[in-house]
Amino acid sequence: MRISVFGLGYVGAVTAACLAREGHEVYGVDVNPEKVDLINRGESPIIEPGLNELLRENVQTGAIRATTDFREAVQHSDVSLVSVGTPPKWNGEPDLSYVFNVCREIGLAIHAKNDSHLVVLRSTVPPGTLSKCRELLLRYPNDKLVFTAFNPEFLREGTAIRDFYEPPYTIIGTDDRRAEQMIKEMYASVKGPMLTVKPEVAEMVKYVANTWHSAKIGFANEIGRIAKAFGVDGREVMNIIVQDTKLNISPVYMRPGFAFGGSCLPKDLGSLLYHAQSMNVTVPMLNALRASNEIQIELAAQEILNTGVRNIAVFGLAFKSGTDDLRESPSIKLIKKLLGEGIRVKIYDRSVYQARLMGTNLAYIRKNLPHFEELLVATPRLALEETEMAVITYNDPEFSRVLSEAPDHFSVYDLAGIFNEPPRGVKYSGIAW
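Enquirer: Which parts of the structure should I look at to understand the pattern of salt bridges?
Expert: Once their charged atoms are close, side chains differing in charge can pair, the charge on each being opposite to the other. Applying the stated criterion across every chain yields a total of 18 salt bridges. Here E180 makes a salt bridge to K184, at a shortest N to O gap of 3.0 Å. Of the two residues, E180 and K184 are both situated in helix α8 (residues 177-186); the distance of four residues between them amounts to about one turn of the helix. Classification of E180 as buried rests on a relative accessible area of 16%. Salt-bridge contacts for R366 lead to E373; the nearest nitrogen and oxygen are separated by 3.5 Å. The class of E373 is partly exposed, set by a relative accessible area of 39%. Here the salt bridges do not stand alone but share partners, grouping E294, E328 and K333 into one network.

Enquirer: Help me out: how do you make sense of α8 in this one?
Expert: Counting along an α-helix, one turn takes 3.6 residues, and residues three or four places apart therefore face a common direction. Listing the buried residues of α8 in full gives A179, E180, M182, I183 and M186. Capping the start of α8 is the job of one residue whose side-chain oxygen sits 2.7 Å from the backbone nitrogen of R178: D176.

Enquirer: Looking at this model, I keep getting lost on unusual backbone geometry. Mind explaining?
Expert: Among all residues save glycine, negative phi is the norm, and among peptide bonds the norm is trans. Of note in the backbone geometry, E328 takes a positive phi value of approximately 55 degrees without being a glycine. On the secondary structure map, E328 appears in the loop between β9 (311-315) and α13 (330-340). Using a relative accessible area of 31% as the deciding quantity, one classes E328 as partly exposed.

Enquirer: Explanation requested: the sheet that holds strand β13 (residues 427-430) in the structure shown.
Expert: The pairing of strands in a sheet happens through backbone hydrogen bonds and is either parallel or antiparallel. In spatial order, the strands read β10-β9-β11-β12-β13; together these five strands make up an open sheet with parallel pairing. With partners counted over all chains shown, the strands left at the sheet margins are β10 (344-348) and β13, one partner each. Taking each pair of neighbouring strands and ignoring which way they run, the sheet shows an average axis angle of 20 degrees. Relative to strand β12 (residues 411-414), strand β11 (residues 389-392) runs parallel, the two being bridged by four bridges. Among the inter-strand pairings, A390 is bridged to a residue of β12, identified as V412. Against the sheet, helix α12 (residues 284-306) touches β9, β11, β12 and β13, its axis set at about 165 degrees to β12.

Criteria and cut-off values
- Residues numbered from 1 in each chain as written.
- Predicted model: local features only at pLDDT ≥ 70, side-chain atom pairs only at ≥ 80, totals over all residues.
- Heavy atoms only, no water.
- Salt bridge = Lys/Arg side-chain N within 4 Å of Asp/Glu carboxyl O.
- Helix = DSSP H or I, 4+ residues; strand = E, 2+ residues; numbered from the N terminus.
- Buried < 20%, exposed > 50% of the residue type's maximum accessible area, 1.4 Å probe, protein only.
- Polar contact = N/O pair within 3.5 Å; in protein donor to acceptor, adjacent residues only side chain to side chain.
- Pairing = 2+ DSSP bridges.
- Axes fitted to C-alpha atoms, helices over the stretch in contact; angles between N-to-C directions.
- Contact = heavy atoms within 4.5 Å.

That is the geometry; function is a separate question.
Structure below.
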């Protein structure tokens, strides 16, 4: 394929060199003539292991060349990858002016070439940016000439060449089959699955990935502080934690939904925070976990109240399915808030209804919902009678089966994500979707 790469910084230089090695004809484009000269001499504009050798080899074979002339690059390519910078402004907002300026230039060049062209955005940008880029591109040619996609990169400095060939996945954000097919052809030698999603999803994924990496680093550092205060080696602790790929490093707990609860997570988090405070260890990230959890409950209550419904069936009282454990259940906190606002509530929870509650479990529910027995019903059908909305607090196959048969115009507020597709006829909404 004939490919032009706009922006010869870290991502652009590595991408251009790797694509050239795979037999593609690559044009590198940059406004900085010094970078262009370095590339044309087979020298890397950045420090990255193996990149100098790779560029030298590809320049010698003629597989890669660089220019400051965007028209020349577009004229000699069928695909343009945009990898220019998006530096932060003073308030943290990304400066997208470089992205938009490049798209205007590419649009002009496509118009002059008068031939179909794929434009792939690789810069890290907020959701909706590709749509704005497409508007800029279509100011010049007709829409049959231009098709677009967002293709985030997952390159780490120091291992970028290896990461190019062995990414966790290749994400193709597009609604255009032509764009999807061309990108798959471009990355034919790259390992791993290829996922085609909406552009906005792909744009969001890149932000989430980097934020998650930041959260992991912050979490490990705070655990390290507490461990050291206890006289424990935090590295040894975290080395054991990451070996658990069933729960700790896995998809488990990584779905947006309702707040966490139960007898373990809130208690153990609270204990850790207590000891951190007693030993004068500052852990702002861990302290924020409880506040964030409470906000999720407040958000659910407010969104339910905003609907104006007055009769609600809550599906799930325990903190998760398959248990009667009510301790620190976010459902109880939610129900208390709704009752305090004058909402009439029925509760269906098969395990709680059938259980013989005792001990601290019984004491907890009687302290927080003294008359909970009066709210419990024996079957989901009874819960739905004379109610306007079902609120789902955890994932249970019984809930999805019953609510998929709910009457038309009935409302379902899903805190657990039990439906991939909303049931027909009902007014469906979720806390994070």
